[in-house]
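Chain by chain, the residues run as shown.
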4 protein chains.
Amino acid sequence: MGVKDRREREKQQRRLSIIEAAEALFSELGFEGTTMQSIADRAELSKATLYLYFKSKEELYLTVCMQGLSLFTDRLQKAVKRQRSPEAKVRAIYLAYIERSLEDPMMFRVLQDTFIERIRRNLSEETVRQISGTIRQWLEFGARLVEEGKERGIFRQDLDAYGFSLAAWRMATGLIELALLSEPMVAEPPELRRTLERSIDYLLKGACPQK
Amino acid sequence: MGVKDRREREKQQRRLSIIEAAEALFSELGFEGTTMQSIADRAELSKATLYLYFKSKEELYLTVCMQGLSLFTDRLQKAVKRQRSPEAKVRAIYLAYIERSLEDPMMFRVLQDTFIERIRRNLSEETVRQISGTIRQWLEFGARLVEEGKERGIFRQDLDAYGFSLAAWRMATGLIELALLSEPMVAEPPELRRTLERSIDYLLKGACPQK
Amino acid sequence: MGVKDRREREKQQRRLSIIEAAEALFSELGFEGTTMQSIADRAELSKATLYLYFKSKEELYLTVCMQGLSLFTDRLQKAVKRQRSPEAKVRAIYLAYIERSLEDPMMFRVLQDTFIERIRRNLSEETVRQISGTIRQWLEFGARLVEEGKERGIFRQDLDAYGFSLAAWRMATGLIELALLSEPMVAEPPELRRTLERSIDYLLKGACPQK
Amino acid sequence: MGVKDRREREKQQRRLSIIEAAEALFSELGFEGTTMQSIADRAELSKATLYLYFKSKEELYLTVCMQGLSLFTDRLQKAVKRQRSPEAKVRAIYLAYIERSLEDPMMFRVLQDTFIERIRRNLSEETVRQISGTIRQWLEFGARLVEEGKERGIFRQDLDAYGFSLAAWRMATGLIELALLSEPMVAEPPELRRTLERSIDYLLKGACPQK
DNA sequence: TATGAATGAGCGTTCATTCAT
DNA sequence: AATGAATGAACGCTCATTCAT
């Protein structure tokens, strides 16, 4: 039945437009700061309609988080493919993460929330497993690149590959957070941009000259 | 009069117990998530009593933050004094920051919140200014150590001292956040501990061996 | 669609019942003395529902006032139209003001409150401006009548037209206040009625016979 | 015992200083707008002490009101004594009432409150009887002056003496209210001052020239 | 399916009043 | 007699959620 199909498509469309509106608002105002009314307004639907698609504000939030993950994955994969050497790949993936985050701060922020204890508490085990699983995959991918680099003598032999991945990821994330603040707190935007770009070199080359 | 003294002591005690309750709740539920009622309940006082000691929720929050900051400041200062070389000082300050954070996770969490956009939006400019001012002082202190190191040839001449401080701080913070999650998401606690301790070396010595 | 019409009618009805409840309470207890809860109770609605119709207590108050003012305006306009000479017009407007006030004491009281310093302090400038603007228009209308009377030699040439309007208005208001007290304080109701009716002559003809 | 006397005197002094503080605040901020704390602050006493002298905020308010009456009486009596003719006496009493009110707006406002239904509701019968009794005495005194004037042919024979007193009193009161508004609503201060002074002539001489 | 309307529960804050000392 | 400390009850207002249509 074409009618049924159309109905189904419209329903999916509605669902997407709710998610889109929610993402924008959650990332800008946070979970508590966002009201169902504001999401409904932005999606040009009534508040009650939201509850036909998501059984609570909570569930809508989770849906938004999950959707964001795949967008990051896509970008990082592309970035990596263009490079040959492990070092270049690490650098590329690092910078792609930064770029993607600055491009779509909303998604970045919503995802960061999943690392905040009090928000995670509201997520189902399944959800947490899915999110952390995906992130772990990236980190392991990064670790493999480092291992490869170690084998080729590009990276120090005593480097802990996974730990290094973790450190790089957290450093990037932390600096991006600063860069996304609406008003600078401890550093000005241009300074932060420069630091963001150079930060991977702090990690790769170190602060101390070596003999 | 011993009576007055006792009264004064009791008052200070009450004040402290409010701060303690607030710290626990702010760290667990965030600024918006924490209600004055819940703080009062935890401190076994009435909501109105809170207002005898703090003129608003925000002032209480600021008090908690500033108290936390001074605990950090104390610790970092001590750590630095024990060392001679700039490199050792940087390392010491870095590790002291981690140690102190793991010792008092609640305080750490409350302070991190001030870097979350939507929480800052609910704080007065003055509150934000006070907190970020203190943090900036640490960062500048770190930057001065790096400069000193550069002068002595211990650090690379092309290093951006303030940027390096920022990067180190954010890396530590990000890794501590992971370590404080009640359930591991992407790494196990022992692994994280190790990574935390080594992370400063990732920054100081770099990943790539240098010729 | 009849359904929509009915809905709209019901909505207007609800709005009116809120205004009615508010008017009764504001007139009895004043602006500060009246709570949104008490208005809701009287209108048999929940407190939150009030906010679907009026965005704040003040807006509701202003609505009640402005509605009251327009009822007065209507009445005064009608009264004036039936008369020819300025003197008759002044007399008619004066008596119409009294009649309307005695008919709808609640409205009268609500409007008087806007002249009480401490109530005005709780109203926004805009609210005060709107109310006093309307009242000023009446006073100016009264003053124009007096001017006209002066031109025709009906009123004394040295009469300050606006000042005379003010005096008449305040005298009427003050006497109405007495008449509306639930228990007589300084004069019995019949006596007050008589005084109210004659009071305009005290002003027009004066107490002293003139040679 | 001199000690007991002193104690008693101090107690009375305390009581007076509370009344004084209360009067200032009640008249400026109204009953609801004034807090027991603010009265205590102004009287340089603790809040709890207020309750040793007055059993509630209500009772304190009433005490303030009652005290104001005698001050007015004194002034009006003096004003009247200086004049000979009934007309001059009426004029003098009228202007003295205005002067005294403008001099001590606080007392004026507190007394006006007793004519507001919702405040009177809280007064004991005794209190209301006392206040209205005193006012009635003034009005009757005014009425006797008018009668005297009528006998001497100074006032119109058909004048209702008591009604005329009432009208004059309410007109004065109403205009004073306007004059005491912190921001002009319907007339500027100088205009109001002029109107206040002339208003008694509107009543005595009338608006219409007589043949 | 979609929604306008309604509301219970809760927010931060204030204040008259009480009570132990 | 005086008070510092405490609090219950309320305030205006908001919001996630429900329900009749």
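Residues numbered from 1 in each chain as written. Chains lettered and ligands numbered in written order. Predicted model: local features only at pLDDT ≥ 70, side-chain atom pairs only at ≥ 80, totals over all residues. Heavy atoms only, no water.

Trainee: Which residues make up the relation of the copies chain B and chain A, and what values do they have?
Mentor: Superposing chain B onto chain A requires a rotation of 176° together with a translation of 0.0 Å along the rotation axis, leaving an RMSD of 1.5 Å. A rotation of that kind, with that shift, is consistent with a two-fold axis. (Least-squares fit on C-alpha atoms with pLDDT ≥ 70 in both.)

Trainee: I'd like a description of the protein's contact with DNA strand E, backed by residues and values.
Mentor: Neighbouring residues of DNA strand E: 34 residues in total, closest A:R14, A:T49, B:Y51, C:R14 and C:T49. When the atoms of DNA strand E within 4 Å of the protein are grouped by moiety, sugar and phosphate amount to 61% of the total. Between DNA strand E and the protein, one listed contact pairs a base oxygen with a side-chain N or O atom of B:K47 at 2.7 Å. The contact in question runs from a phosphate oxygen of DNA strand E to an N or O atom on the side chain of B:K57, over 2.8 Å. (Near = heavy atom within 4 Å. Polar contact = N/O pair within 3.5 Å; in protein donor to acceptor, adjacent residues only side chain to side chain.)

Trainee: I'd like a description of the domain arrangement of chain A, backed by residues and values.
Mentor: Residues and elements named next belong to chain A. Domain annotation for chain A reports domain 1 (1-54) and domain 2 (66-205). A straight line from the C-alpha centre of domain 1 to that of domain 2 covers 29 Å. Across the boundary between the two partners, domain 1 contributes six residues, which contact six residues of domain 2. At the boundary of domain 1 with domain 2, total buried surface from both sides reaches about 590 Å², with 59% on carbon and sulfur atoms. Contact with domain 2 buries surface across domain 1, with I19, E23 and S27 losing the most and accounting together for 67% of the total. The interface formed by domain 1 and domain 2 includes zero salt bridges. In this assembly, domain 1 and domain 2 are joined by zero residue pairs in polar contact (both at pLDDT 80 or more). (Domains from an automatic or database assignment. Contact = heavy atoms within 4.5 Å. Buried area = accessible area lost by both parts, 1.4 Å probe. Salt bridge = Lys/Arg side-chain N within 4 Å of Asp/Glu carboxyl O.)

Trainee: Which residues make up the protein's contact with DNA strand F, and what values go with them?
Mentor: The local shell around DNA strand F holds 34 residues, among which B:R14, B:T49, C:T35, C:K47 and D:R14 are the closest. Put simply, 60% of the atoms of DNA strand F that lie within 4 Å of the protein are in sugar or phosphate. Note that a phosphate oxygen of DNA strand F is positioned 2.7 Å from one of the side-chain N or O atoms of C:Y51. The side chain of D:Y53 places a nitrogen or oxygen atom 2.7 Å from a phosphate oxygen of DNA strand F. Of all the secondary structure elements, the ones that give two or more residues to the surface near DNA strand F are helix 3 (47-53) of chain A, helix 1 (2-33) and helix 3 (47-53) of chain B, helix 3 (47-53) of chain C together with helix 3 (47-53) of chain D. (Helix = DSSP H or I, 4+ residues; strand = E, 2+ residues; numbered from the N terminus.)

Trainee: Pulling in residues and values, what's your account of the interface of chain B and chain A?
Mentor: At the interface, 64 residues of chain B touch 63 residues of chain A. Scanning the region where chain B abuts chain A turns up two salt bridges. A salt bridge links B:E177 to A:R170; the shortest N-O distance between them is 2.6 Å. Summed over the shared surface of chain B and chain A, the number is eight residue pairs in polar contact (both at pLDDT 80 or more). Elements that contribute at least two residues to the side of chain B that touches chain A include exactly helix 1, helix 6 (105-113), helix 7 (117-120), helix 8 (125-151), helix 9 (161-180) and helix 10 (189-205) of chain B. Broken down by element, the side of chain B that touches chain A gets its largest block of residues, 13 residues, from helix 9 of chain B. Of the residues in the side of chain B that touches chain A, the class split is 31 nonpolar, 12 polar and 21 charged. (Nonpolar A, V, L, I, M, F, W, Y, C, P; charged D, E, K, R; others polar.)

Trainee: Quick one: what's the story with the pattern of salt bridges, residue by residue and with numbers?
Mentor: Taken as a whole, this structure holds 55 salt bridges over all chains when the rule is applied. With a shortest N-O distance of 2.5 Å, A:D201 and A:R91 are connected by a salt bridge. Here the residue A:D201 occupies a position in helix 10 (residues 189-205), and A:R91 occupies one in helix 5 (residues 86-103), the gap between them amounting to 110 residues. Taking the relative accessible area as the measure of exposure, A:R91 reaches 21% and is therefore partly exposed. A salt bridge links C:E103 to C:R100; the nearest nitrogen and oxygen atoms lie 3.8 Å apart. Linking C:E103 with C:R100, this pair stays in helix 5 (residues 86-103), spanning three residues, or about one helical turn. Looking at C:R100, the relative accessible area reads 10%, which means it is buried. Taken together, the shared-partner salt bridges connect B:R75, B:E99, B:R100, B:E103 and B:D104 into one network. (Buried < 20%, exposed > 50% of the residue type's maximum accessible area, 1.4 Å probe, protein only.)

Trainee: Tell me about the environment of B:A22, residues and numbers included.
Mentor: Residue and element names in this part refer to chain B. Structurally, A22 can be placed in helix 1. Of the residues examined, A22 reaches a relative accessible area of 0% and is grouped as buried. Distance in space between the C-alpha atoms of A22 and T73 is 21 Å, their sequence separation being 51 residues. In this structure A22 touches I39, L60 and V64, once residues within four positions along its chain are discounted.

Trainee: Tell me about the relation of the copies chain D and chain C, and please be specific about residues and values.
Mentor: Here chain D sits on chain C after a turn of 176° about the axis and a move of 0.0 Å along it, with an RMSD of 1.6 Å. A symmetric contact is evident, with 97% of the interface residues of chain D recurring at the interface of chain C.

Trainee: Could you give an account of the interface of chain D and chain C, naming the residues involved and the relevant values?
Mentor: Taken together, the contact pairs 63 residues of chain D with 64 residues of chain C. When the two sides are added together, the surface that chain D and chain C hide from each other amounts to roughly 5500 Å², 56% of it contributed by carbon and sulfur. Applying the counting rule to chain D against chain C returns two salt bridges. Counting the contacts that link chain D with chain C gives eight residue pairs in polar contact (both at pLDDT 80 or more). Within the residue set of the side of chain D that touches chain C, elements represented by two or more residues are helix 1 (2-33), helix 6 (105-113), helix 7 (117-120), helix 8 (125-151), helix 9 (161-180) and helix 10 (189-205) of chain D. Top contributing element to the side of chain D that touches chain C by residue count: helix 9 of chain D, with 13 residues.

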